[in-house]
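Breakdown of the fold
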Amino acid sequence: MDKQKTISSEVSFSGIGLHTGEISNLTLKPLKENSGIIFKRIDFDEPIYIEAILENVVSTNRGTVIGKNNIKIHTIEHLLSAIYALEIDNLLIEIDNIEPPILDGSSEIFFNTILNCGLNEQIADRDYYKVSEPIYYFDDNSDIALKILPSKEFSVTFESDFPFKGIGKQKFTLNSLSEYSKDISSARTFCSLDEISYLKKDNLIKGGSLKNAVIFLSEVNTKNDVDKIQEYLGENLIYDDSSNTLNNTKLRYDDEPVRHKVLDLIGDLSLLGKPIIGHIHSYKSGHRSNVEFGKLIKEMSSDFKFNKEEIKKIIPHREPFLLIDEIIGGIRGFSVIAKKNVVNSDYFFKGHFPDNPIMPGVLIVESMAQASCFLSFDNVKNRNKKMMLLSVINSSKFIKKVIPGDELILRVKLIKIRLGTANMVGVATVNNQIVAKANFMATIVDKNNE
Ligand code: ZN
């Protein structure tokens with residue numbers, strides 16, 4: 001069994017942050033076993049601790065942001081990617097600003113500096129997410145997809161398709177973390193020339209420059225476009241129409257962008273809090289889908305499971321109106337996954353419709369609502385004296401017919417809970433295809449007999 005690791009001595013980094021353009025100082029310190037990776041904002045009177053876990057992700061817009069009580073840390077993915085690749089389990093990251101330094105836009109400096117400072121093996125065993133069955137993630141509104149397949153070790157295949165001149169489709173496989181340093185760590189972040197004016201205008205990249213990012217040209221960019229960008233970047237720019245990059249920046253690998261996507265994916269999935277054993281395959285994913293996929297892995301690997309008898313102890317529904325058969329996963333207080341085996345003997349098929357049995361869409365929403373009762377564990381006081389009643393269906397969509405023989409999977413996420421009303425979104429799938437979606441609310445009320 002592998003042992004947990006931390007660093008053997010403190011190590012510091014300093015440099016400008018991508019968003020702020022201000023100097024940010026980081027100090028990494030060893031932490032005891034089973035602590036995980038924890039950020040500590042030290043620029044407040046009282047230090048603020050934010051664990052690097054999926055539950056603390058507050059934004060995935062152009063970078064992964066964690067936060068607590070409105071205190072945030074931006075662009076954590078490159079540092080976390082290096083930490084994951086070094087197989088470090090426990091670490092305190094002190095930081096005096098809103099983001100780690102961007103350095104050269106890759107994770108190479110983090111990786112090499114931490115490695116040189118040395119790692120310390122601890123006594124406790126490492127705990128893993130080891131997948132025994134494939135887990136699939138499909139984005140609701142695009143062709144982005146991720147999956148993880150059982151495998152002996154951690155590996156990643158990434159397929160991307162960039163609208164940059166001379167780049168287009170790229171595919172890269174990292175076969176083992178032992179190849180991270182050689183194949184991934186020096187791949188820099190990037191964007192297109194067209195994105196710069198918008199990013200600079202919105203003050204999203206005050207610290208962005210050609211020193212920490214590769215800027216790709218599109219097929220249609222001209223010298224005129226480059227001249228316009230010049231004032232934003234405040235750098236003297238060279239336009240070379242035979243080059244695919246601004247200032248004819250030399251790439252570190254021909255396929256540097258897709259390798260950087262692997263770097264980001266590893267950083268984002270490190271927020272699972274435990275190393276993964278399995279082969280991950282991404283098609284065009286970004287921070288948002290990486291984080292959503294991480295949550296799905298966590299839900300499916302959790303021991304948040306209930307059989308039908310256990311379900312009956314928690315929710316008041318009974319046959320024939322107890323629609324869910326099993327709770328197969330979830331993250332306590334955040335999300336739940338329920339299963340319903342749709343069978344010929346389900347009472348509603350007698351009338352809906354005898355010759356052409358179809359599960360009524362409203363009963364799919366009802367099934368989501370029944371599953372949602374399992375979200376209230378940590379969110380409702382005196383829970384055993386309360387029940388949840390469906391109060392609003394904000395929107396719903398029935399995309400495919402659900403028929404006898406289908407295994408209906410209902411994934412319900414809590415969006416927010418306020419003044420005794422919970423807002424939730426549910427997605428129902430059969431064979432990994434979305435059959436229905438709903439956004440609904442449930443109100444927590446007292447049980448009649450209490
Ligand atoms: Zn990145």
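Residues numbered from 1 in each chain as written. Predicted model: local features only at pLDDT ≥ 70, side-chain atom pairs only at ≥ 80, totals over all residues. Heavy atoms only, no water.

1. Some remarks on helix α9 (residues 361–372)
The condition that has to hold: Each helix is a run of DSSP H or I of at least 4 residues and each strand a run of E of at least 2, with the numbering of both proceeding from the N terminus. What a helix is expected to span follows from its residue count: subtract one and scale by 1.5 Å. Note on classification: 1.4 Å probe, protein chains only; a residue is buried when its accessible area is under 20% of the maximum for its type, exposed when over 50%, partly exposed between these limits. In this description, contact between two residues means that some pair of their heavy atoms is separated by no more than 4.5 Å.
With 12 residues, α9 should cover 16 Å at 1.5 Å per step; its first-to-last C-alpha distance of 17 Å lies within 8% of that length. Extensive coverage of α9 is indicated by the burial of 11 of its 12 residues. Along α9, the positions that sit buried rather than exposed are Gly-361, Leu-363, Ile-364, Val-365, Glu-366, Ser-367, Met-368, Ala-369, Gln-370, Ala-371 and Ser-372. Elements that come into contact with the buried residues of α9 comprise β21 (335–341), β22 (386–398), β23 (407–418), β24 (421–430) and β25 (433–446).

2. Notes on the coordination of the zinc ion
Using the following cut-off: Shown as donors are all N, O and S atoms within 2.8 Å of a metal ion, widened to 3.2 Å for Na, K and Ca; because water is not in the atom set, sites may appear incomplete. Tetrahedral means four donors with every angle between 85 and 135 degrees, whereas square planar (four donors) and octahedral (six donors) require angles over 155 degrees between opposite donors and between 65 and 115 for all others; sites fitting neither are termed irregular.
Bound to the zinc ion are the protein donor atoms His-78 (NE2), His-260 (NE2), Asp-264 (OD) and Asp-264 (OD), situated 2.1 to 2.6 Å from the metal. Its 4 donor atoms give the zinc ion angles of 54 to 151° at the centre, a pattern that matches the irregular case. As a motif over one chain, the donors of the zinc ion read H-x181-H-x3-D. In this pair, His-78 sits in helix α1 (residues 77–85) while His-260 sits in helix α6 (residues 256–269), placing the two residues 182 residues apart along the sequence. His-78 gets classed as buried once you look at its relative accessible area, which sits at 5%.

3. A few points about the environment of Pro-357
Structurally, the position occupied by Pro-357 is in the loop between β21 and α9. With 211 residues separating them in the primary sequence, Pro-357 and Leu-146 have C-alpha atoms 33 Å apart. Setting aside residues up to four positions removed in sequence, Pro-357 forms contacts with Phe-349, His-352, Val-402, Ile-403 and Pro-404.

4. Looking at unusual backbone geometry
Look at the link from Glu-319 to Pro-320: it is a cis peptide, with omega at 5°. For Pro-320, the position within the fold is in the loop between α8 (308–314) and β20 (326–331). For Asn-34, which is not glycine, the phi torsion reads 60° and is therefore positive. Along the polypeptide, Asn-34 turns up in the loop between β3 (23–30) and β4 (37–41). Residue Asn-431 is not a glycine yet carries a positive backbone phi of 55°. Inspection of the secondary structure puts Asn-431 in the loop between β24 and β25.

5. Let's talk about helix α4 (residues 193–201)
Just so we agree on the cut-off: By construction, the arc corresponds to the directions joining the helix axis to the C-beta atoms.
Three or more residues of α4 are buried, namely Leu-193, Ile-196, Leu-199 and Lys-200. One side of α4 holds all its buried residues, which, seen down the axis, span an arc of 100°. At its buried positions, α4 is contacted by β16 (190–192), β17 (214–216) and α5 (223–233). Two residues or fewer after α4 comes Asn-203, characterised by a positive phi angle close to 55°.

6. As for the side chain of Asn-90
We count it as follows: Distance and chemistry together define a polar contact, namely a pair of N or O atoms within 3.5 Å, with one atom able to donate a hydrogen and the other to accept it when in protein, and with adjacent residues in sequence counting only for side-chain atoms on both sides.
One can find Asn-90 in the loop between α1 and β9 (91–95). For Asn-90, a relative accessible area of 1% gives the class buried. One polar contact links the side chain of Asn-90 to the main-chain amide nitrogen of Asn-34, over a distance of 3.4 Å.

7. Regarding the sheet that holds strand β2 (residues 11–16)
We apply this condition: Paired strands, as defined in this entry, are two strands with at least two bridges between them according to DSSP. Axes here refer to lines fitted to C-alpha atoms; in helices the fit is confined to the stretch in contact. Angles between the N-to-C directions go from 0 to 180 degrees.
The strand order across the open sheet formed by 5 strands is β2-β3-β9-β4-β5, and the pairing between neighbours is mixed. In this open sheet, the two edge strands, each paired with only one partner strand, are β2 and β5 (48–51). Averaged over all neighbouring strand pairs, the angle between strand axes comes to 20°, with direction disregarded. Direction of pairing for β3 relative to β9: antiparallel, over a ladder of 5 bridges. Among the inter-strand pairings, Pro-30 is bridged to a residue of β9, identified as Leu-91. Those strands touched by α1 are β3, β4 and β9, and its axis lies near 145° from that of β4. Helix α2 (residues 108–117) contacts β2 and β3 of the sheet and is inclined by roughly 160° relative to β2.

8. Some thoughts on the nonpolar core
Counted only if it meets this: Each nonpolar core is a collection of buried residues, namely Ala, Val, Leu, Ile, Met, Phe, Trp, Tyr and Cys, held together in the definition by side-chain atoms within 4.5 Å.
If you look at the biggest cluster of nonpolar residues, it comprises 60 residues, and the most contacted ones within it are Leu-28, Phe-39, Ile-83, Ile-93, Ile-114 and Ile-276. Counting residues in each nonpolar core, the second largest holds 40 residues, with Leu-322, Val-342, Ala-428 and Val-430 among its members.

9. A short note on the pattern of salt bridges
Our working definition: Throughout this description, the term salt bridge denotes a Lys or Arg side-chain nitrogen within 4 Å of a carboxyl oxygen of Asp or Glu.
Tallying each qualifying case throughout the model produces 31 salt bridges. Two residues, Arg-188 and Glu-256, come together in a salt bridge whose shortest N-O distance is 2.8 Å. Here Arg-188 is found in the loop between α3 (180–183) and β16, whereas its partner Glu-256 is found in helix α6, with 68 residues between them in sequence. Both residues of the pair, Arg-188 and Glu-256, count as buried. Among the charged side chains, a salt-bridge network with shared partners connects Lys-308, Glu-309, Lys-312, Glu-319 and Asp-325.

10. Details of the domain arrangement of the chain
Buried accessible area, meaning the area lost when the parts come together, often serves as the stated size of an interface. Heads up, the rule is: Domain boundaries shown here were taken from an automatic or database domain assignment. By buried area we mean how much accessible surface two parts lose on assembly, using a 1.4 Å probe and totalling the loss over both.
The domain architecture assigned to the chain consists of domain 1 (3–125), domain 2 (130–300) and domain 3 (308–449). Relative placement of domain 1 and domain 2: their C-alpha centres are 20 Å apart. Facing 34 residues of domain 1, the contacting portion of domain 2 comprises 40 residues. Of the roughly 2900 Å² buried between domain 1 and domain 2 on both sides combined, carbon and sulfur atoms contribute 61%. Sorting the residues of domain 1 by area buried against domain 2 places Leu-54, Arg-62 and Tyr-84 first, and these three jointly supply 28% of that buried surface. Between the two partners, domain 1 and domain 2, sit 4 salt bridges. Our enumeration of links across domain 1 and domain 2 arrives at 20 residue pairs in polar contact (both at pLDDT 80 or more). Put simply, the parts of the chain that give the side of domain 1 that touches domain 2 at least two residues each are α1 and α2.

11. Considerations on the packing of α4 against α5
Put simply, the rule is: Helix crossings fall into two classes, left-handed where the near helix is turned counterclockwise from the far one by less than a right angle and right-handed where it is turned clockwise. Side-chain classes are defined by residue name, with Ala, Val, Leu, Ile, Met, Phe, Trp, Tyr, Cys and Pro counting as nonpolar, Asp, Glu, Lys and Arg as charged, and the others, Gly among them, as polar.
Taken N-terminus to C-terminus, the directions of α4 and α5 make an angle of 30°; their axes are 10 Å apart at the nearest point. Of the two possible hands of crossing, α4 and α5 adopt the one that is left-handed. Where α4 approaches α5, its residues Leu-193, Ile-196, Ser-197, Lys-200 and Lys-201 are matched on the opposing element by Asp-225, Val-226, Ile-229, Tyr-232 and Leu-233. Counted by class, the contact of α4 with α5 contains 6 nonpolar, 1 polar and 3 charged residues.

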